[in-house]
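What follows is each chain in one-letter form.
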Amino acid sequence: MAKVGIVMGSDSDMPVMSKAADILEQFGIEYEMTIISAHREPDVFFEWAKNAEDRGIKVIIAGAGKAAHLPGMCAALFKMPVIGIPMKTSDLGGVDSLYSIVQMPSGVPVATVAINGGMNAGILAAQILATSDDTLLEKVKKYAEQMKEEVVAKDARLKETGYKNY
């Protein structure tokens, strides 16, 4: 099966990025996870991104805060889908990261999820891979059905107990 590359600029991003990894594991998708600073070790980053395809990577999930160059630089070097996760920052709450990732120039797209949206990044990566993998597509559909069933069960509980006893 195809692999997903998960990259972050700092270990402080791990709580968010681990949510992407958890979802990929749930779908049975292989991934590699690494910490690379595009600014502090550009030579290491360039080698990692340039060789991702050779390692079987089909989608990259890149998380970054503040200047948030990591997702865009991945997209510049890796010609398959890149999903950017803007990290919540103490300075501007992650809006700086969001703007940096979402405002890519024409021809270098980065799919962008919500600030700290690790879980959705993992789901989106699975959906991308599912376009050419029927077994994975069935897992994605089953996951969506389970989410629906959870909402239906919560509504039933609300109706049974009332909102004050919920």
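Preceding this section is the structure that the text describes.
Residues numbered from 1 in each chain as written. Predicted model: local features only at pLDDT ≥ 70, side-chain atom pairs only at ≥ 80, totals over all residues. Heavy atoms only, no water.

Asker: Tell me about the sheet that holds strand β2 (residues 30–35), and name the residues and values.
Answerer: With parallel pairing, five strands are arranged side by side in an open sheet as β2-β1-β3-β4-β5. Each having just a single partner strand, β2 and β5 (111–112) make up the two edges of the open sheet. Helix α1 (residues 14–27) contacts β1 (3–8), β2, β3 (57–64) and β4 (82–86) of the sheet and is inclined by roughly 175° relative to β1. Packed onto the sheet, helix α4 (residues 95–102) meets β3, β4 and β5 and runs at close to 160° relative to β4. (Pairing = 2+ DSSP bridges. Helix = DSSP H or I, 4+ residues; strand = E, 2+ residues; numbered from the N terminus. Contact = heavy atoms within 4.5 Å. Axes fitted to C-alpha atoms, helices over the stretch in contact; angles between N-to-C directions.)

Asker: How would you summarise the packing of aromatic side chains if you had to cite specific residues and measurements?
Answerer: Taken as a whole and judged by the stated rule, the model has two aromatic pairs. Between Phe27 and Tyr143, the aromatic rings sit 5.4 Å apart at their centres with planes inclined by 65°, giving edge-to-face as the arrangement. Remark: Tyr143 occurs in helix α6 (residues 134–161) and Phe27 occurs in helix α1; sequence separation between them is 116 residues. Given the relative accessible area of 3%, Phe27 is considered buried. Assessed through its relative accessible area of 10%, Tyr143 is described here as buried. Ring plane angle 85° and centroid distance 6.0 Å describe the contact between Phe45 and Phe46, whose orientation is recorded as edge-to-face. Looking at Phe45, the relative accessible area reads 1%, which means it is buried. Its relative accessible area of 32% is what places Phe46 among the partly exposed residues. (Phe/Tyr/Trp six-rings, centres within 6.5 Å; stacked < 30°, edge-to-face > 60°. Buried < 20%, exposed > 50% of the residue type's maximum accessible area, 1.4 Å probe, protein only.)

Asker: So what's going on with the environment of Ala64? Residues and values would help.
Answerer: Mapped onto the secondary structure, Ala64 falls in strand β3. The class of Ala64 is buried, set by a relative accessible area of 7%. Along the primary structure Ala64 and Asp13 are separated by 51 residues, whereas in three dimensions their C-alpha atoms are 7.6 Å apart. The residues touching Ala64, leaving out its near neighbours within four places in the chain, are Leu70, Pro71, Ile85, Pro86, Met87, Ser97 and Ile101.

So yeah, pure geometry; function would need other evidence.
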